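Chain and residue survey
Listed below, chain by chain, are the residues.
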Amino acid sequence: MLSDQQRARVFGVLFLITFVTSIPALLLYQPVLDDPVGYIAVAGENNRIFLGVLLELLLIIANIGTAVVIYPIVRRQSEELALGYVTARLFECTFILVGIAAVLGIVTLQQDVAGAGEASVAYTLAAIKDWTFLLGPGWVVGWGNGLILGYLMYSSGLVPRKMAWFGLVGGPLIILSGTLVLFGVDHPSGSLQGIATIPEFIWELFLGLYCTFKGFRPSSPILRTETGGDRTRAVPAAGPA
């Protein structure tokens, strides 16, 4: 069984994996997303797209892993919020998986054109991929990684509380910017949304690096302490200090 600090380091590594898979995957998809009609009209770089798909499949595994590995620890602070974090990660991964299917659908059209309406189908599939990105990483993440995980980390003291504020602030900003894009007030990947993601980006990168190299803060009252062969659970704090 993993100790709490071992779980912390696995959690951090998995968070770093989400960075090295999600960002390159988005870049690899650009030929399909920028011009889906043009992509199916010529022999596209399908291996490039397949690599992006592989990275996003690894992203799904890493996303779920971050929630599963930390659940036994943060549930000591709040079982409801710990379960909420797992659920948020699953919803995010569902949107990612739908987006993967949409991209593969465009590749299939390029390989085996079915009829005169293929251009419209390709455009629709690209639009579905864009919407899954908005609703998953661009909205659900604000609740999961931002508000829920930010509060759990702040109230438990597992990481420095001043850094947890990046999640508590970044989460609502992502939710707000995603909502504005949904109603057409801002454009996807526009300047407003780009600025709104900065605190959340800092928060998630900090979590990955801090937990990988330092683990959780030993002073957190919800960490288990090991003395000799016995393991005891510290009493959860009543609230943030």
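Structural data are supplied above this passage.
The rules behind these values
- Along every chain, residues carry numbers that run from 1 in the direction the sequence is written.
- The predicted origin of the model limits local features to residues at a pLDDT of at least 70 and limits the giving and counting of side-chain atom pairs to 80 or more, whereas totals for whole chains, interfaces and linings rest on all residues.
- Only hydrogens and water are set aside; all other atoms, that is, all heavy atoms of the structure, feed into the side-chain values.
- Going along the chain from the N terminus, every DSSP run of H or I of four or more residues is numbered as a helix, and every run of E of two or more is numbered as a strand.
- Expected helix span is given by 1.5 Å per residue-to-residue step, counting one fewer step than there are residues.
- Throughout this description, buried means an accessible area under 20% of the type-specific maximum (1.4 Å probe, protein chains only), exposed means over 50%, and partly exposed covers the range between.
- We call two residues in contact when some of their heavy atoms are within 4.5 Å.
- Should a side-chain nitrogen of Lys or Arg be within 4 Å of a carboxyl oxygen of Asp or Glu, the pair is scored as a salt bridge.
- Nitrogen and oxygen atoms within 3.5 Å of one another constitute a polar contact, given that in protein one can donate a hydrogen and the other can accept it, and given that sequence-neighbouring residues count only through two side-chain atoms.
- Here, nonpolar core refers to any group of buried Ala, Val, Leu, Ile, Met, Phe, Trp, Tyr and Cys residues whose side-chain atoms link them within 4.5 Å.
- Two rings from Phe, Tyr or Trp (for Trp, the six-membered ring) form a pair when their centres are within 6.5 Å of each other. A pair whose planes differ by under 30 degrees is stacked, one over 60 is edge-to-face, and the rest are tilted.
- Think of it as a cone above the ring: NZ of Lys or CZ of Arg counts as a charge over the ring if it is within 6 Å of the ring centre and within 35 degrees of the ring normal.

1. Remarks on helix 7 (residues 161-182)
With 22 residues, helix 7 should cover 32 Å at 1.5 Å per step; its first-to-last C-alpha distance of 32 Å lies within 8% of that length. Taken residue by residue, helix 7 has Arg161, Met163, Ala164, Gly167, Leu168, Gly170, Gly171, Ile174, Ile175, Ser177, Gly178 and Val181 as its buried positions. Looking at the buried positions of helix 7, the neighbouring elements they touch are helix 6 (118-156), helix 8 (191-196) and helix 9 (198-213). A positive phi of about 80 degrees marks Gly184, the residue just after helix 7.

2. Some remarks on the pattern of salt bridges
This model, assessed by the stated rule, comprises four salt bridges. A salt bridge links Glu79 to Arg75, with the shortest nitrogen-to-oxygen separation between them at 3.1 Å.

3. A closer look at the environment of Asn63
Within the element layout of this structure, Asn63 appears in helix 4 (residues 46-74). A relative accessible area of 1% places Asn63 in the buried class. Considering only alpha carbons, one finds Asn63 and Gly105, 42 residues apart in sequence, at a separation of 24 Å. Leaving out residues up to four positions away in the same chain, Asn63 has contacts with Thr18, Arg89, Glu92, Cys93 and Ile96. A polar atom in the side chain of Asn63 sits 3.3 Å from the side chain of Glu92.

4. A look at the nonpolar core
It is characteristic of soluble globular proteins that their nonpolar side chains tend to be buried jointly. With 31 residues, the main nonpolar core has Phe11, Ile70, Met153, Val159, Leu207 and Phe216 as its most contacted residues. Per element, the largest residue contribution to this core is six residues, and it comes from helix 4. Residues contacting Ile70, with those up to four places away along its chain left out, are Phe11, Tyr85, Leu149, Met153 and Phe216.

5. Quick word on the environment of Phe206
Mapped onto the elements of the fold, Phe206 is located in helix 9. Once the C-alpha coordinates of Phe206 and Leu28 are considered, the two residues, 178 residues apart in sequence, prove to be 25 Å apart. Not counting the four nearest positions on each side in its chain, Phe206 is found in contact with Val159, Pro160, Met163 and Cys211.

6. Things to note about the packing of aromatic side chains
One pass over the full model with this rule turns up seven aromatic pairs. With 5.3 Å between their ring centres and 80 degrees between their planes, Phe19 and Phe201 make a pair best called edge-to-face. One end of the pair, Phe19, is in helix 1 (residues 4-28); the other, Phe201, is in helix 9, and 182 residues separate them in sequence. Classification of Phe19 by relative accessible area gives buried; the value is 12%. Relative to Tyr210, the ring of Phe206 has its centre 5.1 Å away and its plane inclined at 35 degrees; by these criteria the two rings are tilted. Placement of the pair is Phe206 and Tyr210 together in helix 9, with a separation of four residues, close to one helical turn. This pair shows no difference in class: Phe206 is buried, exactly as Tyr210 is. The positively charged end of Arg89 is found above the aromatic ring belonging to Phe15, 5.3 Å away from the centroid. Across the ring face of Tyr154, the terminal group of Arg161 is positioned such that the distance to the ring centre comes to 5.7 Å.

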